[in-house]
Amino acid sequence: MHATPDVLANRNSRLPEDVDPQETGEWLDAMEAVVKYGGPDRARFLLESLVAKVAKLGQSRIPTGITTPYVNTIPIEDQPLFPGERGIERKIKSIVRWNAMAMVLKANKDTNVGGHISTFASAATLYEIGFNHFFHGRSDGHPGDVVFFQGHASPGMYSRAFVEGRLSEEKLANFRQELKPGGGLSSYPHPWLMPDFWQYPTVSMGLGPIMSIYHARYNRYLRDRKLSVPANEARVWAFLGDGECDEPESLGAISLAGREKLDNLTWVINCNLQRLDGPVRGNGKIIQELEGVFRGAGWNVIKVIWGTDWDRILKNDHTGALARRMMEVVDGEYTEYIGRDLRTKDEIGAKKLLSEEEDRERRGQFIRDTFFNTPELKSLVEDLSNHQIAALKRGGHDPLKVYAGYKAAVEHKGQPTVILVKTVKGYGIPGDGGQGKFTTHQLKKLTVQIEAEPNLSPEEYAKKQTLAGLRQFRDRFELPFTDAQLSDIPFYRPAEDSPEMKYIRERRKALGGPQPFRNNKFVPCTPPDRNNFERLYSATVPGKGASTTLMWVNLMYQVMRDANVGKLIVPIVPDEGQTFGMPPLYGKYGMYSSVGQTYTPVDKGSATEYRESTTGQILQEGINEAGSMCSFIAAGTAYSTHGVNTIPFYIYYSMFGFQRIGDLAWAAADARCRGFMMGATAGRTTINGEGLQHEDGHSPLIAMTIPTCRAYDPAFGYELAVIIEEGINAMYVRGEECFYYLTVYNESYDMPAMPGEQVRDGIIKGLYAVKTVKPDGAKHEVQLLGSGVILNEALRAQKILAEKYGIASTVYSATSYQMLRKDAIECERHNRLHPDAAPKVPYVTQVLGKTAGPIVATSDYMRTLAEQVGPYLGGRLLALGTDGFGRSETRKALRRFFEIDAEHVAVAALYALAERKELDRGVVAKAVKDLGINPDAPHPWTV
């Protein structure tokens, strides 16, 4: 009979006790023959048919398992030969471990800058196997793999780069001290701070995982559109922790990867069973939970749980007792086996210290007693000493098991792969708060307990504790330091002619180059043809009007035909294309689908046909702002990652932009992303019927918090065209590292023609004059600033002021308060630091400083937006805005409610004149009444 006890032991231990082993053996023999002669697909077909038949006979659905036993996915008989030099690789890994730890210890010796030791300690083998055998660098024939490194493991990446000669000892000594002479190293992966090293920021947990999925899909997009043929060769790796999987962004998009069959994507989840402060699933099993989630989402799942020393024990487990025990022990217990203090209560009270030898002896006995807790289980390890039991490794610390998992992942076709690797957090770190302790994540120093010495000061005692820990670490990993050298916590790099350095050079050369690595070579685009923008310079047909959103769609239709940049445009939309008027683009340019279109759309043959294609240019992401933003980041960084200057235009409901995906927008800036974010249905009063949770009155303010984001609020089609042309040239011709946020609205009105080239500079700088009205005999003058659709209210207010009150005014379009402020603070800083030089005058002051009268600003956003330029206008500015919650109403009613309509602008202008004693206050009171304003209405921000 082929169904040996070994086979039976590998059955799912969640099944009930086998009441007929003979019958079970016969079924298993039959299935073995099916697999041998019919293949795994035939076996799966038969199994599914049997399940369906039994369900029919039993009149109920039988649940099928999506998890496998708590053992390694790859059995020993299928494990590939390890191609590396294990001894040399262990030495390299030990050196990297040491430098990573030393970096954090040295940084905190005289500072409190922090850092993390334990994450990399648990993942060192995972990274070393990647560096030596899998992570491709950039070369002439390969774009290089994209690796989303786990943020808290950054000291390990710095350490290896130091050993490779890519970072100096000074840099390591200045870890987390980036302003020191000579420069330092950023705390985590930050491309903005280290532009030739890190590719993507990841330490804001969950962002690395979701970005990796959309990056892998974008590689396929580039391949299918023939924009970058080698892009498909690049593998995307994401390293994350099991605790990180609690972040919604971590698992929220994994179904996309399964659906798209992204076999160019590999996730490695470091399951050290601990969060920042405790167990991930103390009462459960995170590996089993994740296996079910990923398998259900269509991923290939590989579990690397047990090290090589467990293979023989499992092979001798003929009844399956050990497999069942492995399954029933919860993660909280597995953590206890590693981190438990094994001293007795009396010993703890007496502050007795255990030697390493005694700790291993007691730990082995503890595991023998509590894990191998039956005579049958104890018999499996009766030939092992307590020391050997304590030394049984988890799979993530065994290079043979990790290599096998990685190799299987990169060779697997048709699915993304997740490798669930079991490790120990803080592996190998001695002392209190070290290996397996719940405090290990916060560990910055080594505090090994030593015998008390009454004559030592606390400082001297702490130094001796650290030295004791360093000795233990050195001895465990066989590092070449004397006791005398340890007090300096030295860094170590082997001699250039050493076997270790030769091996490192050889392996990285074979893999194409260094990792981590970011490409800084930028090849500019040929500028787009201005003719493709000029259509928006013309006025719309009087009375027919258009919204700025529709003007943008018309512009895209033209620019996507541009010979220089058209094919590089990447429109991204989260299932609101109908709202934004985009269907004309669907039929013309198509929406990307990796499988094309396997159905006939209901609007087939129409001008707005919903057309999917493998070469489609538009990314339709569904109701998914986070995923859309990840596509924006992938497209907006392709200039670096793939050397392709793709230009993303991500259009979305304005309110669901920065407010919803602000962390990803910040990551985009860190990653030096370029492109356009189009906040559609913008404004707190313009999207009039949708109500509180849709009406956006603050995105331009949030955009200002991002240093590389340039925010604009255009009112007219020609402004939009000028800003977008300038943006393309700035980012993709001149190579400026920034991205743009533009508001576009859904309100239609007549669009004027562009007055002339003279307004171009003002549009880009943020302010220019639109219209001046001077009634005959006017004695007073005001300046009116309007933005976006509310510019029309400023123009209407201008008319009221002229016709009813004989007041002259100039209306300005304030296209960007952010750009005005940026220029102003740069001038202020220059003048402050160069008091002897000729003072610089801010642009906003140049435009408005010599004008007459007060300045009144109105927009569809909080009054803070305009108020930020107030300091540069001599106290003349009075800002109106939409402070408060939105609500459902007509635009007219909302603008009156928020006090930004023409009537309120006019009253504000009159009031400002009265405040300057240029006008009688009775005129203002009469205007409030004549213009129908309720002076006793509640503050808009209170209701």
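Preceding this paragraph is the structure being described.
What you see is a predicted model, and the numbers here were worked out from it, not measured in a lab.

**Details of the overall build of the chain**
Right, so step 1: Scanning the chain for helices and strands turns up 38 helices and 18 strands.
Right, so step 2: Here the C-alpha radius of gyration of the chain, 33 Å, is about what a compact globule of 943 residues would show, namely 30 Å.
Right, so step 3: Once the C-alpha set of the chain is aligned to its principal axes, its extents read approximately 110 × 80 × 55 Å.
Right, so step 4: Among the 943 residues that make up the chain, the fraction classed as buried is 56%.
Right, so step 5: Partitioning the contacts of the chain with sequence separation of at least 6, the portion at a separation of at least 24 is 76%.
Right, so step 6: Accessible surface, the chain: about 39,400 Å² in total, of which carbon and sulfur atoms supply 52%.
Right, so step 7: Across the chain, the centroid of the 111 positively charged side chains sits 3 Å from that of the 114 negatively charged ones.

**What to know about the side chain of Asn-174**
Right, so step 1: When you line up the elements, Asn-174 lands in the loop between helix H7 (169–173) and helix H8 (207–224).
Right, so step 2: For Asn-174, a relative accessible area of 6% gives the class buried.
Right, so step 3: Setting aside anything within four residues of it in sequence, one finds Asn-174 in contact with Lys-180, Pro-181, Gly-183, Gly-184 and Leu-185.

**Some points on the pattern of salt bridges**
Right, so step 1: The final tally for this structure, using the stated rule, is 50 salt bridges.
Right, so step 2: Two residues, Arg-760 and Glu-725, come together in a salt bridge whose shortest N-O distance is 3.3 Å. Of this pair, Arg-760 sits in helix H31 (residues 760–765) while Glu-725 sits in helix H30 (residues 717–733), placing them 35 residues apart in sequence. A single burial state applies to Arg-760 and to Glu-725, both of which are buried.
Right, so step 3: Among the ionic contacts, a cluster of salt bridges with common partners joins Glu-793, Arg-796, Arg-896, Asp-901 and Glu-903.

**Some remarks on the packing of helix H5 (residues 118–133) against helix H22 (residues 499–510)**
Right, so step 1: Remark: H5 packs on H22, axes separated minimally by 7 Å, with the N-to-C direction vectors making an angle of 65°. Compared by their axis directions, H5 and H22 come out roughly perpendicular. Mapping the contact onto sequence places Gly-130, Phe-131, Asn-132 and His-133 in H5 and Tyr-503, Arg-507 and Arg-508 in H22.
Right, so step 2: When grouped by side-chain class, the residues that make up the contact of H5 with H22 number two nonpolar, three polar and two charged.

**Here's the deal with helix H4 (residues 86–107)**
Right, so step 1: Taking 1.5 Å of rise per residue, the 22 residues of H4 would be expected to cover 32 Å, and the 32 Å separating its terminal C-alpha atoms lies within 8% of that figure.
Right, so step 2: Counting buried positions over the 22 residues of H4 gives 16, a clear majority of the element.

**Some remarks on the pairing of strand S11 (residues 676–680)**
Right, so step 1: For S11, the tally of buried residues reaches five of five residues, placing the bulk of the element in the interior.
Right, so step 2: Of the two faces of S11, the one holding Phe-676, Met-678 and Ala-680 and the one holding Met-677 and Gly-679 are both buried throughout.
Right, so step 3: In this region the chain leaves strand S10 (residues 647–653), passes through helix H28 (residues 658–670) and returns to the parallel neighbour S11; the handedness of that crossover is right-handed.
Right, so step 4: As judged from the four bridges shared by S11 and strand S13 (residues 739–743), these two strands associate in the parallel manner. Across the sheet, residue Phe-676 finds its bridge partner in S13, namely Tyr-740.

**Re the environment of Pro-83**
Right, so step 1: Checked against the element boundaries, Pro-83 lands in the loop between helix H3 (40–58) and H4.
Right, so step 2: Excluding residues that lie within four positions of it along the chain, Pro-83 makes contacts with His-133 and Tyr-403.

**Describing the nonpolar core**
Right, so step 1: Among the nonpolar cores identified, the biggest contains 200 residues, and Ile-213 and Trp-267 are the most heavily contacted of them.
Right, so step 2: For this core, the leading source of residues is H30, giving 10 residues.
Right, so step 3: Ile-213 has contacts with Ala-253, Ile-254, Leu-256, Ala-257, Leu-262, Leu-265, Trp-267 and Trp-299, leaving out every residue within four places of it along the chain.
Right, so step 4: Counting 64 residues, the second largest nonpolar core, distinct from the first, contains Val-96, Ala-161, Leu-172 and Ile-489.

**Quick word on H5**
Right, so step 1: Taking 1.5 Å per residue, 16 residues should reach 22 Å; H5 reaches 24 Å between its end C-alpha atoms and fits that length.
Right, so step 2: Where burial is concerned, most of H5 is hidden: 16 out of the 16 residues are buried.

**Topic: the environment of Tyr-732**
Right, so step 1: Its place among the elements puts Tyr-732 in helix H30.
Right, so step 2: Linking Tyr-732 and Lys-502, residues 230 residues apart in sequence, is a C-alpha distance of 41 Å.
Right, so step 3: Every residue in contact with Tyr-732, bar those within four places of it in the chain, is listed here: Phe-522, Pro-524, Cys-525, Gly-636, Asn-645, Thr-646, Ile-647, Pro-648, Arg-674 and Gly-675.
Right, so step 4: At a separation of 3.0 Å, a polar atom in the side chain of Tyr-732 contacts the main-chain carbonyl oxygen of Thr-646.

**What to know about the sheet that holds strand S4 (residues 300–304)**
Right, so step 1: In spatial order, the strands read S1-S2-S3-S5-S4; together these five strands make up an open sheet with parallel pairing. Two strands lie at the open edges of the sheet, namely strand S1 (146–148) and S4, each paired on one side alone. On average, adjacent strands in this sheet sit at an angle of 15° to one another, irrespective of strand direction.
Right, so step 2: Pairing of strand S3 (residues 265–271) with strand S5 (residues 417–422), which is carried by six bridges, proceeds in the parallel orientation. Opposite Cys-271, over in S5, you have Lys-422 as the bridge partner.
Right, so step 3: Relative to S4, helix H11 (residues 286–296) is tilted by about 165°, and along the sheet it contacts S3, S4 and S5.

**Details of the packing of H4 against H5**
Right, so step 1: Direction vectors running N to C along H4 and H5 enclose 130°, while the axes themselves pass 10 Å from each other. The angle between H4 and H5 places the two elements in the oblique class. In the packing of H4 onto H5, the handedness of the crossing is right-handed. Contacts between H4 and H5 involve Glu-89, Ile-92, Lys-93, Val-96, Arg-97 and Ala-100 on the former and, on the latter, Phe-120, Ala-121, Ala-124, Thr-125, Glu-128, Ile-129, Asn-132 and His-133.
Right, so step 2: Of the residues contributing to the contact of H4 with H5, the split by class is seven nonpolar, three polar and four charged.

Conventions and cut-offs
- Residues numbered from 1 in each chain as written.
- Predicted model: local features only at pLDDT ≥ 70, side-chain atom pairs only at ≥ 80, totals over all residues.
- Heavy atoms only, no water.
- Helix = DSSP H or I, 4+ residues; strand = E, 2+ residues; numbered from the N terminus.
- Rg over C-alpha atoms; globule rule 2.2 N^0.38 Å.
- Buried < 20%, exposed > 50% of the residue type's maximum accessible area, 1.4 Å probe, protein only.
- Contact = heavy atoms within 4.5 Å.
- Areas by Shrake-Rupley, 256 points an atom, 1.4 Å probe, with all protein chains shown as cover.
- Lys, Arg positive; Asp, Glu negative; His and termini not counted.
- Charge placed at Lys NZ, Arg CZ, Asp CG, Glu CD.
- Salt bridge = Lys/Arg side-chain N within 4 Å of Asp/Glu carboxyl O.
- Axes fitted to C-alpha atoms, helices over the stretch in contact; angles between N-to-C directions.
- Parallel < 35°, antiparallel > 145°, perpendicular 65-115°, else oblique.
- Nonpolar A, V, L, I, M, F, W, Y, C, P; charged D, E, K, R; others polar.
- Expected span 1.5 Å × (residues − 1).
- Right-handed = clockwise from strand over helix to strand, strands pointing away.
- Pairing = 2+ DSSP bridges.
- Core = buried A, V, L, I, M, F, W, Y, C linked by side-chain atoms within 4.5 Å.
- Polar contact = N/O pair within 3.5 Å; in protein donor to acceptor, adjacent residues only side chain to side chain.
- Left-handed = near helix turned anticlockwise from the far one by under 90°.

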